[in-house]
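# A structural walkthrough
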Amino acid sequence: MSAPAAAHPRTQVDRGLCESLLYYMLMMRELEERIELKLYRQGKVLGGCYTGRGQEAIPVGSAILSRPGDWLTPSHRDMAALLIRGITPREILAQYMGRVSGLTRGRDGNMHMGCAERHCVPIISSIGASIPVAGGLAFAMRYRGESNIVFNYSGDGASSRGDWHEGLNMAAVLNLPIVYLCNNNQYAYSTPLDQQMKISDIAHRVAGYGMPFEIVDGNDVLQIHEASQRAVAHARAGRGPYFIECKTFRMSGHSAHDAADYVPTAQREEWSRRDPILMLQKQMVEGMGADEQVFVNLRKRVLSEIEEAVSWALDQPFPDPATLEDDVYESV
């Protein structure tokens, strides 16, 4: 069983990697804010709108280690995983606005998106259901003699579902190459962690399955990246699954329609001071000599790319109603 991440000395990280990590974290934050705070409220995005504000470090610090043949099964708070796999802001915005250029070609105007060519499984609303799917992917790759792995993302609420436990147990028994990232953001919708379970660390739920685990600061992207390196090496070496619990906080409601009034003000303020983007910028200033202009320029680049993507997506057509039944049934 692994020791908590604090037992591992921090390794040197080059500035180029940190700038890449910061870019994806900023892109996820700004893109989601454009979707939720503007497009959704303008009526251009219909249905639910879910963001991972405050949780950007988790998909970024882990998915950036993925290889082209690896598979990812993200949750609705892991947009950066899609970006890292090459899914563009244009495609994501077109998807949210139900345009024909979206990943589902206008069949869904929400975050239920993926891309088989880029090995991203569409997000499943019942988040725990992705655990057995990840197991099936990993088993198939091993059956075919491939050396790739699966990155699976779920939350604290998912860990109270039966399929979560069954899937993890099966992965452990079959020694499947999966890296599990648990976004423990303290709330399953409006239910706080202490009303979900009698333990404070979700990672201890996997101990009974004989699976190695770590518990890390989910707002520290460098700590997540280091733990993910250990987990990836473990899985790629054929030693089975590895579980990382990331302690974090959802800096917004469950979705755009949820004001999260059930969250104590003191708790919200405490976690706001630990914003993962600000944490990384502080680490870059203190450890690498980065200055404020680096961050200003990076944010300008991100906003410029988003502005261009919004304009492009708004110009895309809605699907032709005549194609409604296309891709629903297979011709025989």
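The following refers to the structure shown. (Residues numbered from 1 in each chain as written. Predicted model: local features only at pLDDT ≥ 70, side-chain atom pairs only at ≥ 80, totals over all residues. Heavy atoms only, no water.)

### Describing the overall build of the protein
- Of the regular secondary structure elements, the protein holds eleven helices and seven strands.
- The globule rule puts the C-alpha radius of gyration for 332 residues at 20 Å, and the 20 Å found for the protein is close to it.
- For the protein, with 332 residues in total, the buried portion stands at 55%.
- Here the contacts in the protein between residues at least 6 apart in sequence split such that 75% fall between residues at least 24 apart.
- A total of about 14500 Å² of accessible surface is found on the protein, and carbon and sulfur atoms cover 53% of it. (Helix = DSSP H or I, 4+ residues; strand = E, 2+ residues; numbered from the N terminus. Rg over C-alpha atoms; globule rule 2.2 N^0.38 Å. Buried < 20%, exposed > 50% of the residue type's maximum accessible area, 1.4 Å probe, protein only. Contact = heavy atoms within 4.5 Å. Areas by Shrake-Rupley, 256 points an atom, 1.4 Å probe, with all protein chains shown as cover.)

### Focus on the pairing of strand β7 (residues 242-247)
- By the criterion of burial, β7 is predominantly enclosed, with six of the six residues buried.
- Side chains Tyr 242, Ile 244 and Cys 246 of β7 all project onto a buried face; the interleaved residues Phe 243, Glu 245 and Lys 247 project onto the opposite face, where all are buried too.
- Here six bridges tie strand β3 (residues 178-184) to β7, and the two strands are oriented parallel to one another. Along β7, the bridge assignment pairs Asn 184 with Lys 247.
- By the bridge criterion, five bridges tie strand β6 (residues 213-217) to β7 in an arrangement that is parallel. When the bridges of β7 are listed, Glu 214 appears paired with Ile 244. (Pairing = 2+ DSSP bridges.)

### Some words on the pairing of strand β2 (residues 150-155)
- In terms of burial, β2 is a largely internal element, six of the six residues being buried.
- The alternating pattern of β2 places Val 150, Asn 152 and Ser 154 on one face and Phe 151, Tyr 153 and Gly 155 on the opposite face, and all of these are buried.
- Where strand β1 (residues 71-73) meets β2, three bridges bridge the pair, whose relative direction is parallel. Among the inter-strand pairings, Trp 71 is bridged to a residue of β2, identified as Val 150.

### Here's the deal with unusual backbone geometry
- Phi is positive for His 119, which is not a glycine, with a value near 60°.
- Positionally, His 119 belongs in the loop between α4 (89-96) and α5 (130-143).
- What makes His 119 buried here is its relative accessible area of 19%.
- Unlike most non-glycine residues, Ala 260 shows phi in positive territory, near 55°.

### As for the packing of aromatic side chains
- Summed over all chains, the structure comprises six aromatic pairs.
- An angle of 85° between the planes, with centres 5.9 Å apart, marks the rings of Trp 164 and Phe 243 as edge-to-face. Within this pair, whereas Trp 164 is found in helix α6 (residues 162-174), its partner Phe 243 is found in strand β7, the two being separated by 79 residues in sequence. Take Trp 164 and Phe 243: they sit in the same class, and that class is buried.
- Taking the centre distance of 6.4 Å and the plane angle of 40° together, the rings of Tyr 180 and Phe 243 count as tilted. (Phe/Tyr/Trp six-rings, centres within 6.5 Å; stacked < 30°, edge-to-face > 60°.)

### Overview of the pattern of salt bridges
- Summed over the entire model, instances satisfying the criterion amount to 19 salt bridges.
- Among the ionic pairs, Glu 36 bridges to Arg 41, the shortest N-O distance being 3.6 Å.
- Arg 301 is the salt-bridge partner of Glu 305, the closest N and O atoms lying 3.1 Å from each other. Residue Glu 305 and its partner Arg 301 are both found in helix α11 (residues 292-314); the two are separated by four residues, about one turn of the helix.
- By relative accessible area, which is 42% here, Arg 301 ends up partly exposed. (Salt bridge = Lys/Arg side-chain N within 4 Å of Asp/Glu carboxyl O.)

### Quick word on the nonpolar core
- Counting residues in hydrophobic clusters, the biggest one holds 67 residues, and the most contacted among them are Ile 35, Ile 92, Leu 93, Val 179, Ile 244 and Leu 280.
- Sorting elements by how many residues they give to this core places helix α1 (residues 15-40) first, with eleven residues.
- Among all residues touching Leu 280, those that are not within four sequence positions of it are Cys 18, Leu 21, Leu 22, Met 25, Val 221 and Leu 222.
- Residues Val 121, Ala 158, Leu 168 and Ile 178 belong to the second largest nonpolar core, which totals 27 residues. (Core = buried A, V, L, I, M, F, W, Y, C linked by side-chain atoms within 4.5 Å.)

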